[in-house]
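# A structural walkthrough
So the chains spell out like this:
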2 protein chains.
Amino acid sequence: MGSAHSIAALLQEGPRVLNVGVRSFTEALAAAGASYLHVEWQPPAQGDPELSRLVAMLADDREPGSLGARMREANDEALRRILAADPVWEDVRPAREIWPEMDDGLLLHAGPPIHWEHMCGPMQGAVIGAILLEGWASDEEGARALAASDRIRFSPCHHHGAVGPMAGLVSPSMPMFVVRNTAAGNLAYSSLNEGLGKVLRYGAFGPEVIARLRWMCDTLGPALQTAIRQLGGVQLKPMIAQALQMGDEAHNRHMAGTSLLFRALAPALVRALDDRERVAAVLDFITANNYFFLNLAMAACKAMMDAGHGIPCSSIVTTMARNGVEFGIRVSGTGDRWFTGPAAIPEGVFLPGFSAEDAAGDIGDSAITETAGLGGFAMGGAPAVVKVVGGTPEDAVAFTTMMYSITWTRNPNWTLPALSFAGTPTGIDVRKVVDSNLLPLINTGIAHKQAGIGQVGAGLVRPPMVCFTEALRALADAVLGGQCT
Amino acid sequence: MGSAHSIAALLQEGPRVLNVGVRSFTEALAAAGASYLHVEWQPPAQGDPELSRLVAMLADDREPGSLGARMREANDEALRRILAADPVWEDVRPAREIWPEMDDGLLLHAGPPIHWEHMCGPMQGAVIGAILLEGWASDEEGARALAASDRIRFSPCHHHGAVGPMAGLVSPSMPMFVVRNTAAGNLAYSSLNEGLGKVLRYGAFGPEVIARLRWMCDTLGPALQTAIRQLGGVQLKPMIAQALQMGDEAHNRHMAGTSLLFRALAPALVRALDDRERVAAVLDFITANNYFFLNLAMAACKAMMDAGHGIPCSSIVTTMARNGVEFGIRVSGTGDRWFTGPAAIPEGVFLPGFSAEDAAGDIGDSAITETAGLGGFAMGGAPAVVKVVGGTPEDAVAFTTMMYSITWTRNPNWTLPALSFAGTPTGIDVRKVVDSNLLPLINTGIAHKQAGIGQVGAGLVRPPMVCFTEALRALADAVLGGQCT
């Protein structure tokens, strides 16, 4: 009956086509006016048989005691620790107090390890600015010579429990946010946000950039230190939760987070400091910069993700970071090893006078927000962010929805009202990324590719797949080598 | 061919039913397992033939020079003035300075005119509190006796260019926000928000309520006056626009508006006032109350809607206000006449320990926000508000979408990111309400029905249809009587 009916319908109504995978097949259908439904699909692991086999084996958790079942337990534990994390901003301290070795010429930077000669323009620009700020050289030429010498050492922020947006440069004088995960005790650090436009993190190092940084070292940092110590700490998890109810996605939209932080800080600053004009200047600085909350959100995410790092057999990504040349990830079950690939050029919205031609490669530790389920992963709840990074509110919802398929769980503490209060997609599973060929979606600022210029736009970017395939292979080696038993 | 095809399809696939209007007809279909699509529809003007004829006549604007065409021009002009309004908060002044006659025993209240003996419990409670605040009586009994005597006169806030949420009580000592529509010069006023719970506007009048009001008169009002005068004013239209990008709907969600106002005020307060502890106390008070921005938003809406009031032939609603007993509206083309009907009991979410049994009738001037396209009209962009007023994010989108069908235009200055940046539905047209039987949707706080208790919840409510049918009849009388010629 059903079959006869279908054939009759086919004769009467003409064929309807379900096209799976290769989208170009639909072009002929469209040209012929035929109706069709296209379903996106790619073979697992981009068709690589060995990887497909690895994914299938590692993902099969049905058999108790199997590798897959042990990885499930490890991932559950990683996510338990990540979601239990309670990041509290508790202090501001100069970098040299946290890492005394910095005064010997150590500079921290964003992303995986890189040397001066391989750095992209904006990171070199930020290095020059940091050297000028520290007074280690008096001009660009001197700074470049010093940076190329063995008197300066470079190390990723992530190797020191820290994160920095864009170039992520940290030099010894800079004030750092200190965030403690009070659930597990681990600490995370980030620099303070300078604002937008011509700023160090985007590679600018002109006199106004250095003057602003000096004011941040001399005035902002000490003021915030006094205030936060009197306040006894600010819980960042509920503040981010509230910001998500207010249209932030906590990577490129911080209108709400900055506002909520400002509300917490202002009375404390007033009570802590005698000098009215200094209080007013600090308040003016914060309220003029709707990215001020970014760096605290990043430190909160770093404190969370570090809590879930280093669990044998876990396939959860705990770091995504870029240095402008390479994109690197680290995975809970493979420890501190980086898996890197070439950084892409973000696609997005450019400031007047700039275009994709001017864009540097993807850069910054700020993808720690996506690693923790925010930013590109939470865009569905933050439709207004598309005005900054491009796309439509419908795209933003689609992005968040897609990220559920590569993540381990939904964060019950961080919900998205526009998605019926669904929790943010949290805990990128390298197996799911390789299996689905679906890469994490990151929204990001875009720096000019040359040193000294600054921000040129904001947009969207994805990591290279090789980070995930290499991580999966390493994870397979570890678990097959007995790590899980 | 098409017909033969349809008949063949009918024989093969069975009937499909489109049901219009009476939903109960679908029950038999559902019971029989038939597929159907139900379309909500009611005959215009609830089936009243005379009103239907009036609506049809007044709404027909095809003929140049017809009444309908002139009403269209009038409504265009009303909306032009409303959308051009530029409400700026420019001062805080005690009510007695604005209305010197108040010291002779005049009290202002929310909604259309009402006398003491007819007032609902929470409004009587607020009157008692206001009399205690002014020292006109020393206890509840004395206050009740005074309120019932001819030594106290009552007048609607709206008769004085003012608005007040819930009971809306204004007594001479109270500080008032002064908002100027700088586009047309008209002024609007509102009281200052006390916070939630046991507060005067919800009918509470205990010692803590009076003490808080006294602090607002003595400390908060003068501090804000000094700060706003030094600041030279705060533009409220862009601030509300930004709050709408941040998940406020600007009636029962003011997390963002309060935050943005706080950011504007804090540096000004610090610079304006010597006394640090006083500044900190004022900042603490504002940041502890996420409804602080409500009253300023109401004054902004009042300044906007007054700009569009009094235009002959315009069918745009310029006031919706409730006194707890009656709901009243005023229409641009019918001047200062109120069209009233019985206030409904809001449906919503009750605070622990309370239920619908405890609820007072719909009360407050805060529906000026819906009148200006905010609140219930903008809920689609503020999904988190459903946690306060009930329903789901999907409902909230549906509410906003429905309101487009009874409003004249979309406000290009106030957009809703979640609805692809559509402008808020603005300018309720009494003809459209009567024609569609679709009433404006208002979200609102709910007061306890007895004096002295306070807030019991928040929810949704609609005006009685009679306000709109009577307004339409009066408008028809006016335009048929030659007002438009």
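Every chain begins its residue count from 1, and numbering advances along the sequence as written. Labels are handed out in written order, letters beginning with A for the chains and numbers beginning with 1 for the ligands. Totals for whole chains, interfaces and linings use every residue, but because this is a predicted model, local features are given only for residues with pLDDT of at least 70 and side-chain atom pairs only at 80 or more, for both listing and counting.

### Some points on helix H11 (residues 276–287) of chain A
Helix and strand labels come from DSSP, where a helix needs a run of H or I of at least four residues and a strand needs a run of E of at least two; each type is numbered from the N terminus. A helix's residues, less one, multiplied by 1.5 Å, set its expected span. With twelve residues, H11(A) extends 16 Å between its outermost C-alpha atoms, agreeing within 8% with the 16 Å of an ideal straight helix rising 1.5 Å per residue. When we look at burial in H11(A), the residues that qualify are Val279(A), Val282(A), Leu283(A), Phe285(A) and Ile286(A). All buried residues of H11(A) fall inside an arc of 160° around its axis, so they share one side. Buried residues in H11(A) make contact with helix H8 (207–231), helix H10 (255–272) and helix H12 (292–307) of chain A together with helix H10 (255–272) of chain B. Residue burial is a threshold on neighbouring C-beta atoms within 10 Å of the residue's own C-beta, all placed from the backbone, with 20 or more meaning buried, 12 or fewer meaning exposed, and counts in between meaning partly exposed. Throughout, the arc means the angular range of directions from the helix axis out to the C-beta atoms. In this description, a residue-residue contact is defined by the distance between C-beta atoms placed from the backbone, which must lie within 7 Å.

### Brief notes about the packing of helix H8 (residues 207–231) of chain B against helix H11 (residues 276–287) of chain B
Residue and element names in this part refer to chain B. Geometry is summarised by axes, namely lines fitted to C-alpha atoms with helices restricted to the contacting stretch, and by angles between N-to-C directions that run from 0 to 180 degrees. Where H8 contacts H11, the axes come no closer than 10 Å and their chain directions differ by 95°. With respect to their mutual orientation, H8 and H11 come out roughly perpendicular. Every residue of H11 that contacts H8 at Thr 219, Leu 220 and Ala 223 is listed here: Arg 278, Ala 281, Val 282 and Phe 285. Orientation labels follow simple angle bins: below 35 degrees gives roughly parallel, above 145 gives roughly antiparallel, 65 to 115 gives roughly perpendicular, and whatever is left gives oblique.

### Considerations on the interface of chain B and chain A
Contacts between the two partners involve 29 residues from chain B and, on the opposite side, 29 residues from chain A. Elements represented by at least two residues in the side of chain B that touches chain A include exactly helix H1 (2–13), H10 and H11 of chain B. The dominant element in the side of chain B that touches chain A, judged by the number of residues it contributes, is H10(B), at ten residues. Note on residue classes: Ala, Val, Leu, Ile, Met, Phe, Trp, Tyr, Cys and Pro are nonpolar, Asp, Glu, Lys and Arg are charged, and everything else, Gly too, is polar. Its residues assigned to classes, the side of chain B that touches chain A comprises 17 nonpolar, eight polar and four charged.

### Quick look at the sheet that holds strand S3 (residues 87–94) of chain B
Residues and elements named next belong to chain B. The criterion for strand pairing is that DSSP finds at least two bridges linking the strands in question. Taken in spatial order, the five strands line up as S6-S8-S7-S3-S9 in an open sheet, and their pairing is mixed. Two strands bound the open sheet, and with one partner strand each, they are strand S6 (162–163) and strand S9 (234–235). Across two bridges, S6 lies against strand S8 (residues 187–191) in parallel orientation. Bridge pairing links Ala 162 to Tyr 189 in S8. Sitting on the sheet, H8 is in contact with S3, strand S7 (175–181) and S9, with an inclination near 140° to S3.

### Here we look at the domain arrangement of chain A
All names here are of chain A. Where a domain begins and ends is set by an automatic assignment or by a domain database. Segmenting chain A into domains produces domain 1 (2–41), domain 2 (49–82 + 308–480) and domain 3 (84–300). Between domain 2 and domain 3, the C-alpha centre-to-centre distance is 23 Å. Tallying the contact residues gives 50 residues for domain 2 and 48 residues for domain 3. Here the residues of the side of domain 2 that touches domain 3 sort into 22 nonpolar, 21 polar and seven charged.

### A look at the sheet that holds strand S6 (residues 162–163) of chain A
Residue and element names in this part refer to chain A. A sheet is described by the order of its strands in space; here five strands give the open sequence S6-S8-S7-S3-S9, paired in mixed fashion. Both edges of this open sheet fall to S6 and strand S9 (234–235), since each of them pairs with a single strand only. Along the sheet, H8 makes contact with strand S3 (87–94), strand S7 (175–181) and S9, crossing S3 at roughly 140°.

### Considerations on the nonpolar core
Nonpolar cores are identified as sets of buried Ala, Val, Leu, Ile, Met, Phe, Trp, Tyr and Cys residues joined via C-beta atoms within 7 Å. Among the nonpolar cores identified, the biggest contains 314 residues, and Leu269(A) and Leu269(B) are the most heavily contacted of them. With residues near it in sequence (within four places) discarded, Leu269(A) still touches Ala223(A), Ala227(A), Val279(A), Val282(A) and Leu283(A).

### Some words on the relation of the copies chain B and chain A
Here the copies were fitted onto each other by least squares, based on C-alpha atoms from residues at pLDDT of at least 70 in both. Rotating chain B by 180° about the axis while translating it 0.0 Å along that axis superimposes it on chain A, leaving an RMSD of 0.2 Å. Accordingly, the operation relating the two chain copies is best matched by a two-fold axis. Identified as the residue of chain B closest to the rotation axis by C-alpha distance is Met246(B), at 2.2 Å.

### Some thoughts on the environment of Ser155(A)
Residues and elements named next belong to chain A. Summarising the element assignment, Ser 155 is placed in strand S5 (residues 153–156). Taking C-alpha positions, Ser 155 is 6.2 Å from Pro 113, a pair spaced 42 residues apart along the chain. Those residues in contact with Ser 155, other than ones at most four positions away along the chain, are Leu 106, Leu 108 and His 160.

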